[in-house]
Number of protein chains: 2
Amino acid sequence: MGAKIGIKEVAAAAGVSITTVSHALNDKGRLPDGTRDRVREVAERLGYRPNVNARNLAGGRSGLLALAVSQVEDLAFQLGDFDYFASLIRYATTAALDRGYALAIAPAAEAEGTLHKISPDGAIVVDPVPGDSSLAYLRQRGIPIVTTGRVLDGSDEDYWVDNDHVAGVRGVLDHLAAVGAKRIALVAPRSFASYVVDVRAGYSGWCAEHGIEERVATAPTVTEDGGFEAAISLLDGPDPPDAIYAALDRLAIGVLLAANARNVDVPGRLRVAACTDSVAAQAARPPLTTLGLNPERIGREAIGMLIDIVEGVEVEPRHRIVPTRVIERESTLGGAAQERARLDSNR
Amino acid sequence: MGAKIGIKEVAAAAGVSITTVSHALNDKGRLPDGTRDRVREVAERLGYRPNVNARNLAGGRSGLLALAVSQVEDLAFQLGDFDYFASLIRYATTAALDRGYALAIAPAAEAEGTLHKISPDGAIVVDPVPGDSSLAYLRQRGIPIVTTGRVLDGSDEDYWVDNDHVAGVRGVLDHLAAVGAKRIALVAPRSFASYVVDVRAGYSGWCAEHGIEERVATAPTVTEDGGFEAAISLLDGPDPPDAIYAALDRLAIGVLLAANARNVDVPGRLRVAACTDSVAAQAARPPLTTLGLNPERIGREAIGMLIDIVEGVEVEPRHRIVPTRVIERESTLGGAAQERARLDSNR
DNA sequence: TTGACATGCAAAAGCGTTTCTGCATAAGCT
DNA sequence: AGCTTATGCAGAAACGCTTTTGCATGTCAA
């Protein structure tokens, strides 16, 4: 009973040839539905799992997918620095493995080299920036691409999945307005990743609609210090804001530090919200209200699409938008809630 | 020039058979060093990369390695919750890929199921606990195992790599003593993972040597709330400590919150240090002094050993200990350093 | 009836490695 | 000199699957 069961065993059990089994399982060849179903049932019953290596070898694929993060010169950061990416990677890895592919993470610094070395069957590019070199490389080699976040100068032919940042910003701004904020500022990095553009555009649109003056501070980096600097410039300026929305969780933590440095009470005198939930955002003092993204689903969908493309399956639609949700915490909520309460509810 | 070059091409270029190429490249068979070197050189020149799938297929392996985190019933947590694990996973993945293996992360909740499903060639078990079920499963199936952290009831035959916690605790305690702490407490989780045992033992030993009374608080969970509770019990007790060493970064953040809740100045009245450096520890207020581990090296070494075992290479020694280092930050250092200074040096 | 064509399936040829077996030739012994 | 053993290498099978090709049938129109 413990014997390895391969396609041969399934064929024998179903009383057909291995060709037929392969065809039945992969929706190829000419087979009546009866045979197809019967074979599938037998395979299922026997717990047949195709050998991934044999499959890839015969199929002429490498069985490798790559994940690269798009990079602008000076905005360098480590992939794992952000919970969002860590999560995305984790789920993408699992999703790929489930379908018999391995996911290789291309270190940002040497993305192209890695891509060349492993020659993947397909690639995910995270937060692509127009003119990104890995993107160019992949296109030139004809390697299928799915991006998470759109390529701004891309075409309708592109495959991508994206967070619904447009709706997300509005959700956060509405929340801030609802808790009484009147002078809401935005802290965002430079960069032409689509999410930054979306956030900036969403903010501008919302301000225009609500007749609120725009206050935008550009963060010089994407980590805490960048948020700190941007926030200081806002707080020290004339007519400082009573709320700040930071486009990244770590920027928001920097904002919190800046508020502390200037003795500005949060949320009393300044409300702070961030895009992307994370452990750090939850653990911050006070805990940060965030726009919760869904890296798990982004990762899964991107991998799903990519593998379909690699295997020649029709992919429709080519674009997927994943909803977000506002997670309200103390940094924007009225009274200074009790630390204990938060901790208790955390159990 | 662009043609795919396989073992056949190398054989042709070197004027030998493919058998010889395979033998030369894998240190098998009977070949004079001359031939071996010549073949290798040709392979190198041609940029030959063996096809991973063909290799695994022929070798009868799956090409998959699994990574599971050992788990005690109630100490459940998400893998990615800790920077240490995230880092470990990242580097392990890369190291595996470099040698033609894919690393599957087994979700803690369903580790056994995953292991069964993918039937890996070998497995890494992180922080094994005596009696862990994945461990039992792997042993019973005869799947090679390398653990990061030792199995307490294990044997000398076990393969493991571990952080040098014994030296690490001493380093931190020495540091705390050096900055003036007299009543140093330990906050550690329950659990029989070797690092917890090491930390507790190291602490006891150090206290005995220095004639300091032991103050140990056991954290009910491994996250912030656990640290909070443990710290509160210490701070509210008779003769509260003037320094706390927390065995995990997130526990330490809980300790910080507790100090804040009790209006105890850090580092003025209480010095706080943690094991494991992380982004959260750096971003904490005040930034935490930590014992920096080396997940990158742990991951690499573990994978290296594991693949050697899988491929039948002699592995010596079976145990590897990776050094740690104390990273001094404000939470234990004298004057309240300037936030600005920290941020500036962060650039 | 008889060819033309569709249908249902099997045989067999790969895919790129590893490894077992075997055959020369060279070297060492009596 | 003749026999055994060691050495250097090549041929070919095997790994488990996909896919191309081809062979029987059965169906339909002429």
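Reference entry: report on the structure contained in this document. Only a predicted model underlies this, so the values are computations on that prediction, with no experimental measurement involved.

### What to know about the overall build of chain A
If you tally the helices and strands in chain A, you get 14 helices and 12 strands. Dimensions of chain A, computed from the C-alpha atoms along their principal axes, are close to 80 × 45 × 35 Å. A total of 347 residues make up chain A; the buried ones form 52% of that total. Pairs at least 24 residues apart make up 67% of the contacts formed inside chain A by residues separated by at least 6 positions. When the accessible area of chain A is evaluated, it comes to approximately 15,000 Å², of which 50% is carbon and sulfur surface. If you average the places of the 37 positive and of the 46 negative side-chain charges in chain A, the two averages end up 6 Å apart.

### Remarks on the protein's contact with DNA strand C
Looking at DNA strand C, there are 26 residues lining it, with Ser17, Thr20, Arg30 and Thr35 of chain A together with Ser22 of chain B nearest. Expressed as a percentage, the sugar and phosphate content of the atoms of DNA strand C within 4 Å of the protein is 51%. In the model, a phosphate oxygen of DNA strand C is placed 2.8 Å from a nitrogen or oxygen of the Ile7 of chain B main chain. Secondary structure elements with two or more residues in the surface near DNA strand C: helix H2 (18-26) and helix H4 (52-59) of chain A together with helix H2 (18-26) and helix H4 (52-59) of chain B. The biggest single contributor to the surface near DNA strand C is H2 of chain B, with 5 residues. Here the residues of the surface near DNA strand C sort into 11 nonpolar, 10 polar and 5 charged.

### Structural notes on the protein's contact with DNA strand D
Not every one of the 25 residues close to DNA strand D is listed here, only the nearest: Ile7 of chain A together with Ser17, Thr20, Arg30 and Thr35 of chain B. Taking the atoms of DNA strand D that fall within 4 Å of the protein, sugar and phosphate contribute 55% of them. Within the backbone of Ala54 of chain A, one N or O atom sits 3.5 Å away from a base nitrogen of DNA strand D. A distance of 2.7 Å separates a phosphate oxygen of DNA strand D from a polar side-chain atom of Thr20 of chain B. Top contributing element to the surface near DNA strand D by residue count: H2 of chain A, with 4 residues.

### Some thoughts on the environment of Ile298 of chain B
All names here are of chain B. Mapped onto the fold, Ile298 is located in helix H13 (residues 295-310). In this structure the C-alpha to C-alpha distance between Ile298 and Ile89, which are 209 residues apart in sequence, comes to 9.8 Å. The residues touching Ile298, leaving out its near neighbours within four places in the chain, are Tyr84, Leu88, Thr148, Val161, Asp162, Asn163 and Val322.

### Comments concerning the sheet that holds strand S10 (residues 289-292) of chain A
Residues and elements named next belong to chain A. Strands sit in the order S7-S6-S8-S9-S10-S12 across an open sheet of 6 strands; the sheet is mixed. The open sheet terminates on both sides in strands that have one partner only, identified here as strand S7 (216-219) and strand S12 (325-327). Looking at each pair of strands side by side, their axes are set apart by 20° on average, direction ignored. Where strand S6 (residues 184-189) and strand S8 (residues 243-246) come together, 4 bridges link them in parallel fashion. Bridge pairing links Ile184 to Ala243 in S8. With respect to the sheet, helix H10 (residues 224-236) is in contact with S6, S7 and S8, its orientation differing from that of S7 by roughly 150°. Contacts from helix H11 (residues 249-261) reach S6, S7, S8 and strand S9 (271-275), with the element oriented near 160° to S9.

### Some thoughts on the state of the cysteines
All names here are of chain B. With the rule as written, the count across this model stands at 0 disulfides over all chains. As a non-bridged cysteine, Cys207 has Cys275 as the owner of its nearest cysteine sulfur, 16 Å distant. On the accessibility criterion, Cys207 (0% relative accessible area) is buried.

Reading guide: rules and limits
In this numbering scheme, every chain counts its residues from 1 along its sequence in written order. A letter from A marks each chain and a number from 1 marks each ligand, given out in the order of writing. The model is predicted, so local features are restricted to residues of pLDDT at least 70 and side-chain atom pairs to those at 80 or more, both for listing and for counting; the totals for chains, interfaces and linings are taken over all residues. The basis for every side-chain value is the complete set of heavy atoms in the structure, and neither hydrogens nor water enter the calculation. Only DSSP runs of H or I covering at least 4 residues are called helices, and only runs of E covering at least 2 are called strands; the numbering of each starts at the N terminus. Categorising residues by exposure relies on relative accessible area from a 1.4 Å probe, with only protein chains included: less than 20% of the type maximum marks a residue as buried, more than 50% marks it as exposed, and the intermediate range marks it as partly exposed. In what follows, a contact means two residues having at least one pair of non-hydrogen atoms within 4.5 Å. For accessible areas, the Shrake-Rupley method is used with a probe of radius 1.4 Å. Any residue's cover is judged against the shown protein chains and nothing else. Only four residue types enter the charge count: Lys and Arg as positive, Asp and Glu as negative, with His and the chain ends excluded. Taken as the charge centre is NZ of Lys, CZ of Arg, CG of Asp or CD of Glu, depending on the residue. Here a residue counts as near a molecule or strand whenever at least one of its heavy atoms sits within 4 Å of it. By the criterion applied in these results, polar contacts are pairs of N or O atoms within 3.5 Å in which, for protein atoms, one can donate a hydrogen and the other can accept it, and in which residues neighboring in sequence qualify only through two side-chain atoms. The classification used treats Ala, Val, Leu, Ile, Met, Phe, Trp, Tyr, Cys and Pro as nonpolar, Asp, Glu, Lys and Arg as charged, and all other residues, Gly among them, as polar. Note on pairing: DSSP must find at least two bridges between two strands before they are called paired. Every axis in this analysis is a line fitted to C-alpha atoms, fitted for helices over the stretch in contact. Angles between the N-to-C directions lie between 0 and 180 degrees. Cysteine sulfur atoms are paired as a disulfide whenever they fall within 2.5 Å.

By themselves, these observations are geometric and do not establish any function.
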